[in-house]
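Listed below are the residues making up each chain.
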Amino acid sequence: MLMEYTKGMLGGLFLCFPAEENFEATLLIRGGPWRILHCDIRSTIEIPTAAMVTMEKADVSVVESGIGGLEEVKVIQKQHAFTGEKVPFRGEPNTGLICLDESWCCLLGCTIENT
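Residues numbered from 1 in each chain as written. Predicted model: local features only at pLDDT ≥ 70, side-chain atom pairs only at ≥ 80, totals over all residues. Heavy atoms only, no water.

Time to look at the overall build of the chain. Summing up its helical and strand segments, the chain has zero helices and 13 strands in all. Of the regular secondary structure in the chain, the N- to C-terminal order runs β-β-β-β-β-β-β-β-β-β-β-β-β. By the burial criterion, 40% of the 115 residues in the chain qualify as buried. A sequence separation of at least 24 residues applies to 78% of the contacts in the chain between residues at least 6 apart. Of the roughly 6,200 Å² of accessible surface on the chain, a fraction of 55% belongs to carbon and sulfur atoms. (Helix = DSSP H or I, 4+ residues; strand = E, 2+ residues; numbered from the N terminus. Buried < 20%, exposed > 50% of the residue type's maximum accessible area, 1.4 Å probe, protein only. Contact = heavy atoms within 4.5 Å. Areas by Shrake-Rupley, 256 points an atom, 1.4 Å probe, with all protein chains shown as cover.)

Written as C-alpha cells, this is what we have:
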C-alpha cells in the first residue's frame, strides 16, 4: 500500500498478491505522485480481486506496464486518463484498474485486462 503523503517511483517489478478476501488489491495507492515504469502488476484468479486501485487523491502515472490478472490481455495503445471515475466492480475474476474518489491515473503504452 502506498499511503497518503508518499511519493516515488517503482520500476521493473513483478507484483502479485494472493488475495485471501474478495476485492483485495495487489497495489493500493492513496498518495502521490507515483510513477510506475515497466512493471507487471497482477491479481490472482481464484477470487474476485483488483490488480491496482487508486483512491482518495492519488496521482499515478503508469508507463509500459501490465495491469490485471494472469489471463489474456488487450493492448492499450493510446494515452488514457481516468480522473475520479468510479469503475464498478462487476465480480469478474480479475479487474485490472479501479480509480475511486479524486484519484488520477494516466496510462501510456500499457496492457490491461478485465476492466
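And the narrative resumes.
Turning our attention to the nonpolar core. In terms of nonpolar packing, the biggest core is built from 20 residues, with Ile29, Ile36, Met52 and Val62 touching the most fellow members. Elements represented by at least two residues in this core include exactly strand 3 (25-29), strand 4 (34-37), strand 6 (49-54), strand 7 (59-63), strand 11 (94-99) and strand 12 (104-108). Leu28, Val53, Met55 and Ile98 belong to the second-largest nonpolar core, a separate cluster that totals five residues. (Core = buried A, V, L, I, M, F, W, Y, C linked by side-chain atoms within 4.5 Å.)

A separate point is the pattern of salt bridges. Applying the stated criterion across every chain, the model contains three salt bridges. For the salt bridge of Arg35 with Asp59, the shortest nitrogen-to-oxygen distance reads 3.8 Å. Of this pair, Arg35 sits in strand 4 while Asp59 sits in strand 7; the two residues are 24 residues apart in sequence, bridging distant segments of the chain. By relative accessible area, which is 30% here, Arg35 ends up partly exposed. In this structure, Asp40 and Arg42 form a salt bridge, with 2.6 Å as the shortest nitrogen-oxygen distance. (Salt bridge = Lys/Arg side-chain N within 4 Å of Asp/Glu carboxyl O.)

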